[in-house]
Amino acid sequence: MAIGLHNSDFKNPVVRWIDQRMPIFTMMQKEYGTFPTPRNFNYFWNFGALAMVNLMIMIATGIFLAMHYTPHTAYAFDSVERIMRDVNFGWLIRYVHMNGASMFFIVVFIHIWRGMYYGSYKAPRELLWMLGVVIFLLMMATAFMGYVLPWGQMSFWGATVITNLFSAFPVVGDWIVALLWGGFSVDNPTLNRFFSLHYLMPFVIVGVVFLHVVALHITGSNNPLGVEPKGPQDTLPFHPYYTAKDSFGLVIYFIVFASLVFFVPNMLGHPDNYIPADPLVTPAHIVPEWYFLPFYAILRAVPDKLGGVLLMFGSIAVLFVLPWLDSSPVRSMRFRPIARISFLLWTVCFFVLMYCGAMPAEEPYVTVSRIATAYYFAYFLVILPLLGRLERPLPLPESIARAVLGGGPLPAGAAAKPMEKA
Amino acid sequence: MLRSTLKAFAILGGLLAIAPAPARAAGEAIAIPDTRFSFDGIFGTYDRASAQRGFQVYKEVCSACHSMRLLSYRNLRELGLTEQQVAAIAAQFTVTDGPNDEGQMFERSGRPSDRFRRPFPNQQAARAANNGAYPVDLSVITKARLGGADYIFALLTGYQDPPAGVTMMDGMNYNRYFPGHQIAMAAPLNPDQVEYADGTPATVEQMARDVTTFLAWAAEPELEQRRAMGVKVILFLTILGGLAYAVKRKVWADVH
């Protein structure tokens with residue numbers, strides 16, 4: 001590309017002046033205005049945008065909480081209650097942040113589920129998918145450290161149990177644990193570094209989300225049929241079609257979010273976390289936050305500590321290689337009758353594990369978690385690799401437009417509608 | 001489209017339904033009876049008269065052992081007490097302040113800005129005075145117990161003689177609703193233990209209800225503001241959602 005001013009299409013002189021020197025308006029127009037998007041998205045495709053909004057909400061509320069929070073074992077609990085009582089609208093900021101974490105996981109679980117159901121991880125979107133798994137891992141680390149900050153009983157004991165898991169690794173285990181703790185038990189240095197990292201990680205997530213979106217805008221979005229768009233008749237410009245659709249989804253999301261925050265703000269939390277941390281009193285049952293329960297159940301399903309830890313990490317790690325485990329070229333489960341049932345069963349197993357994770361480690365929950373864990377992994381390691389060879393997929397539609405519009409004539413100008421300028 | 005939307009909501013509902021499960025896991029399962037309180041439900045508010053009586057119960061009974069370190073006397077204004085009444089209540093207590101210009105700690109009468117006076121200087125002193133048991137801080141007690149206000153009310157009214165065959169440990173009391181049934185706290189409320197200024201008969205149930213209302217307010221003083229705001233926010237979002245859906249329909253009209 002030649003050096004020199006960008007050839008801008010914008011009429012507004014100020015916008016044009018900036019755009020010639022730094023074409024961000026052209027870029028926004030290309031990536032979020034005219035960006036060709038498959039015309040057949042269902043509402044599952046809202047969840048990426050919802051996750052983005054959720055991340056922004058978490059960062060905004062988190063910054064305000066950090067202004068009033070004190071990361072010290074003697075003051076952390078009281079400083080959180082001070083936010084609830086004495087800071088103007090502190091209760092609102094804190095409950096939004098607290099329930100925002102749950103909303104984030106609800107949104108991201110659905111987002112991941114959608115990717116798995118409609119085969120969004122398959123070529124050419126493998127890297128896009130893997131970046132998504134990285135985001136998920138970073139989210140889990142951030143959420144875990146955030147839950148420690150109020151320094152309640154579950155904060156303390158959750159941190160103790162989870163950090164202790166690393167001691168299962170041979171040779172480096174104890175060294176890692178000492179590094180996480182900043183000492184020889186969960187104490188003030190632990191709280192300090194968790195606060196620091198909890199503030200840092202969201203910005204790392206922003207960075208990886210940026211890469212996730214860059215990768216998305218190279219391959220374009222998948223769609224419920226899993227068939228690539230073959231031309232302009234198969235796509236719509238992102239704006240106004242999907243901005244309008246996302247706006248509606250966003251309001252529904254806000255209604256669910258607001259219902260939690262304003263009416264049942266503590267429903268998803270554990271009452272024990274309103275008891276200040278006490279290293280001398282162990283809670284009867286130590287349970288992590290609800291979004292970690294399936295993985296916690298996998299951990300406890302294995303009688304061996306190292307085995308359990310490896311399997312728990314493996315349950316996420318397996319997602320990284322999912323694009324290569326699934327050998328079928330057909331993306332959407334709509335056309336894969338056996339894979340569809342296998343995946344829905346996997347979804348049931350996920351919820352079963354979530355339930356078992358909340359229950360005490362005793363029968364029948366242990367056996368049930370073992371069966372569900374076995375299926376969780378069998379789906380990825382046995383069923384998907386085999387089905388690519390054994391399953392006979394249903395006939396795929398010729399194109400998106402044909403499937404959506406029944407092969408009739410295309411509405412004039414729908415695809416190439418000129419965009420309103422920002 | 002509708003089908004997939006319903007599916008999305010089904011999943012969301014599933015997540016929300018299963019989510020409170022960790023709460024259920026704690027402790028042995030003792031069914032806590034559901035008690036009707038003024039602050040139940042979406043539109044519930046704290047019964048101010050009951051909460052004020054509850055404060056009296058706390059002050060005259062509970063505060064002999066239990067602290068409420070997160071509350072200040074000034075917070076009582078929210079229960080409908082006047083500035084003078086709050087100042088008079090605070091003045092009943094002696095507070096250690098200082099150091100003064102000579103470097104000495106000194107005693108003065110309480111002010112509205114002071115935290116509730118704590119019955120014991122530290123946990124060790126509290127345990128020493130209570131047969132080894134620690135009377136917990138009550139600031140956020142309804143948020144910190146499974147069952148919330150229902151549990152507190154049930155506990156306060158759940159004392160009875162141990163059933164035949166149950167051997168009690170030394171100094172323990174039988175309570176129907178306490179996990180394990182053996183609680184160090186003796187039945188704190190007895191009929192006519194306090195004398196209510198408004199003439200309400202001080203039955204155990206009445207005192208338990210009043211003090212539970214007070215403790216629920218202490219734990220969640222923002223509850224009324226939160227719910228009032230929530231109703232407005234949901235109404236606003238519902239209308240906005242209708243508009244957003246209409247816009248979406250209009251935009252998509254030419255491509256469907």
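Predicted model only: the values in this text are computed from it and were never measured. (Residues numbered from 1 in each chain as written. Chains lettered and ligands numbered in written order. Predicted model: local features only at pLDDT ≥ 70, side-chain atom pairs only at ≥ 80, totals over all residues. Heavy atoms only, no water.)

### Considerations on the overall build of chain A
Okay, step 1: Along its length, chain A carries 16 helices and two strands.
Okay, step 2: Summarising its shape, the C-alpha atoms of chain A cover approximately 75 × 60 × 45 Å along the three principal directions.
Okay, step 3: Evaluated residue by residue, chain A yields a buried proportion of 55% over its 422 residues.
Okay, step 4: The contacts in chain A between residues at least 6 apart in sequence include a share of 80% that link residues at least 24 apart.
Okay, step 5: When the accessible area of chain A is evaluated, it comes to approximately 18,600 Å², of which 71% is carbon and sulfur surface. (Helix = DSSP H or I, 4+ residues; strand = E, 2+ residues; numbered from the N terminus. Buried < 20%, exposed > 50% of the residue type's maximum accessible area, 1.4 Å probe, protein only. Contact = heavy atoms within 4.5 Å. Areas by Shrake-Rupley, 256 points an atom, 1.4 Å probe, with all protein chains shown as cover.)

### Here we look at helix H8 (residues 223-252) of chain B
Okay, step 1: In a regular helix each residue adds 1.5 Å, so 30 residues correspond to 44 Å; H8(B) covers 42 Å between its end C-alpha atoms and thus fits that length.
Okay, step 2: Within the sequence span of H8(B), burial applies to B:Leu223, B:Arg226, B:Arg227, B:Met229, B:Gly230, B:Ile234, B:Leu237, B:Gly241, B:Ala244, B:Lys248, B:Val251 and B:Trp252.
Okay, step 3: Taken together, the buried residues of H8(B) touch helix H5 (90-117), strand S2 (235-237) and helix H10 (238-263) of chain A. (Expected span 1.5 Å × (residues − 1).)

### Structural notes on the layout of surface pockets
All names here are of chain A.
Okay, step 1: Approximately 990 Å³ is the volume attributed to the second largest pocket.
Okay, step 2: Gly48, Ala49, His111, His212 and Leu216 are, among the 41 residues lining the second largest pocket, the residues nearest its centre.
Okay, step 3: Listing elements by their share of the lining of the second largest pocket, those giving two or more residues are helix H3 (47-68), H5, helix H6 (126-148), helix H9 (188-219) and H10.
Okay, step 4: When the residues that make up the lining of the second largest pocket are grouped by side-chain class, the tally is 26 nonpolar, twelve polar and three charged. (1 Å grid on protein atoms, 1.4 Å probe; cavity = no way out; pocket = protein on both sides within 12 Å on 5 of 7 lines; lining within 4 Å. Points joined across faces, edges and corners; volume = space filled by probe spheres on them. Nonpolar A, V, L, I, M, F, W, Y, C, P; charged D, E, K, R; others polar.)

### Structural notes on a nonpolar patch on the surface
All names here are of chain A.
Okay, step 1: A cluster of nonpolar side chains, namely Met52, Met56, Tyr199, Phe203 and Val206, defines an oily patch on the protein surface of about 410 Å² accessible area.
Okay, step 2: Every element with two or more residues in the nonpolar patch is listed here: H3 and H9.
Okay, step 3: Of all the elements, H9 adds the most residues to the nonpolar patch, at three residues.
Okay, step 4: Mapped onto the secondary structure, Phe203 falls in helix H9. (Patch = residues over 30% accessible without salt bridge, like charges linked within 9 Å, V, L, I, M, F, W, Y side chains within 5 Å. Salt bridge = Lys/Arg side-chain N within 4 Å of Asp/Glu carboxyl O.)

### Examining the nonpolar core
Okay, step 1: By size, the foremost hydrophobic cluster in this structure holds 139 residues, and its most contacted members are A:Met116 and A:Phe380.
Okay, step 2: No other element matches the 17 residues that H5(A) contributes to this core.
Okay, step 3: Look past the residues within four positions of A:Met116 in its chain and what remains in contact with it is A:Tyr121, A:Trp129, A:Leu322, A:Met333, A:Phe343, A:Trp346, A:Tyr379 and A:Phe380.
Okay, step 4: B:Tyr46, B:Met68, B:Leu189 and B:Trp217 belong to the second-largest nonpolar core, a separate cluster that totals 43 residues. (Core = buried A, V, L, I, M, F, W, Y, C linked by side-chain atoms within 4.5 Å.)

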